Amino acid sequence: MKNYIFLLLTILFFSACSNKHLTIKALYPSNITEQKVSNIFVDELKNDNINQTLSLKNELINKTIDNKKVFYLQKEKKDADLIIEGEVLNSSLNSTFYYEEDFNNFRCLRYVYIDSAKTATCVEYARILIPCERRDYQVETQIKALNQNNNIIFSKIYSKSKIERECYRYPFAHSPFFYNRINLNYTRAKTQVNSKLAKKIAIEILEDISPHYIYQKIQIIDKLNNKYKKSVEEEFSDSILLLTQKK
């Protein structure tokens, strides 16, 4: 990995004035460097009502590199190289109500007059306050990776959030039953949205414990700035051609 970073920085340093680009990929190692991991046991995460465990298992079992499976899920701890435990620390939905000013298109305050006769054209509508809602979704999950000796070799807390805003421009929005109607949907909406956040967390967990490719778009120089022997310049040109052809 260090050699890759050095190569990348070197190319970037000499390529500031180039118009040619090259996309390179490098296999980024797992954050679990103590041992090679192939067989994994995933214990049911505590307080998991958003399918965090299932999302993590799906990511692990479907992980491939160069069309080869990376991990195999085991049913017993004793058969695993790595044991994953954890807890959903937070799965919440906080809602805040507020009002925004809007125009009432059904109530005109001032019309256009032509020769003292009122027309149907409105130039000023009445203003009303409409109810709005801000919904803050938050998920926090802690993951611990243990080796066969039950020692923690990796631990991290992952967090994802989402904000939704919605205003209700309907007559029933002013009804006393309006807020009760919204509250009835809270549990369903919370589960749906936070389950999607849990899936995003599972993807981040996978990136930490699995090798994966990273891609960088870099610039390459077109020609040497200084004077070199013709043989060196020709070799350089040939090298650039091979790079741009991804060879």
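Just above sits the structure.
What you see is a predicted model, and the numbers here were worked out from it, not measured in a lab.

With respect to the state of the cysteines
Counted under the stated rule, the structure contains two disulfides. In this model cysteine 108 forms its disulfide with cysteine 122; the gap between the sulfur atoms is 2.1 Å. Sign of the S-S torsion, about 100° for the bond between cysteine 108 and cysteine 122, identifies this disulfide as right-handed. Taken together, the residues cysteine 108 in strand E6 (residues 82-114) and cysteine 122 in strand E7 (residues 117-146) connect sequence positions 14 residues apart.

Some details on the packing of aromatic side chains
What the rule picks out here adds up to zero aromatic pairs. Directly above the ring of tyrosine 72 sits lysine 69, whose terminal nitrogen or CZ lies 5.5 Å from the centroid.

Observations concerning the pairing of strand E2 (residues 39-42)
When E2 meets strand E5 (residues 72-73), the two strands line up parallel, connected through two bridges. Within E5, the position partnered with asparagine 39 by the bridge is tyrosine 72. Pairing analysis gives three bridges linking E2 to E6, with the strands arranged parallel. Bridge pairing in E6 links phenylalanine 41 to isoleucine 83.

Considering the pattern of salt bridges
The final tally for this structure, using the stated rule, is 13 salt bridges. Where aspartate 79 meets lysine 78, a salt bridge forms, and the shortest distance between an N and an O atom there is 3.5 Å. The exposure class of aspartate 79 is partly exposed, given its relative accessible area of 36%. In this structure lysine 78 comes out as exposed when scored by relative accessible area, which is 68%. Two residues, lysine 156 and aspartate 208, come together in a salt bridge whose shortest N-O distance is 3.0 Å. In this pair, lysine 156 sits in strand E8 (residues 152-167) while aspartate 208 sits in helix H4 (residues 186-209), placing the two residues 52 residues apart along the sequence. Exposure remark for lysine 156: the relative accessible area of 34% places this residue in the partly exposed category. Several salt bridges share partner residues, and in doing so they unite Glu133, Arg135, Lys162, Glu164 and Glu166 into one network.

Remarks on the nonpolar core
Grouped together as the largest cluster of nonpolar side chains are 30 residues, with contacts concentrated most on Ile40, Leu56, Leu60 and Ile84. For this core, the secondary-structure elements that each account for two or more residues are E2, helix H2 (52-61), E6, E7, E8 and H4. When residues no more than four places from it in sequence are discounted, the contact partners of isoleucine 84 are Ile40, Phe41, Val42, Asp43, Leu56, Leu60, Ile143, Lys144 and Ile209.

Describing the side chain of threonine 141
With respect to the secondary-structure elements, threonine 141 resides in strand E7. The exposure class of threonine 141 is buried, given its relative accessible area of 0%. One polar contact links threonine 141 to glutamine 52, side chain to side chain, over a distance of 2.9 Å. Non-local contacts of threonine 141, meaning those with residues more than four positions away in its chain, are made with Leu45, Gln52, Glu87, Val88, Leu89, Lys156, Ile157, Tyr158 and Ile201.

Basis of the calculations
Within each chain, residue numbers correspond to sequence positions counted from 1 in written order. Note on the predicted model: pLDDT of at least 70 is required for a residue's local features to be given, and 80 or more for side-chain atom pairs to be given and counted; whole-chain, interface and lining totals, by contrast, use all residues. Just so you know, side-chain values use all the structure's heavy atoms and leave hydrogens and water out. By disulfide we mean two sulfur atoms from cysteines, separated by a distance within 2.5 Å. A helix here means a DSSP run of H or I that spans at least four residues, while a strand means a run of E at least two residues long, and both kinds are numbered starting from the N terminus. The aromatic pairing rule takes the rings of Phe, Tyr and Trp, using the six-membered ring of Trp, and pairs them if the centres are within 6.5 Å, calling planes under 30 degrees apart stacked, those over 60 edge-to-face and the rest tilted. Put simply, a charge is over a ring when the Lys NZ or the Arg CZ is close to the ring centre, within 6 Å, and near the line of the ring normal, within 35 degrees. Any two strands between which DSSP finds at least two bridges are classified as paired. Should a side-chain nitrogen of Lys or Arg be within 4 Å of a carboxyl oxygen of Asp or Glu, the pair is scored as a salt bridge. Only protein chains enter the accessibility calculation, which uses a 1.4 Å probe; a residue is then buried when its area is under 20% of its type maximum, exposed when over 50%, and partly exposed in between. The definition of a nonpolar core used throughout is a set of buried Ala, Val, Leu, Ile, Met, Phe, Trp, Tyr and Cys residues joined through side-chain atoms within 4.5 Å. Every residue pair with non-hydrogen atoms within 4.5 Å of one another is taken to be in contact. Definition of a polar contact: a pair of N or O atoms within 3.5 Å, with one able to donate and the other able to accept a hydrogen when the atoms are protein atoms, and with sequence-neighbouring residues admitted only if both atoms are side-chain atoms.

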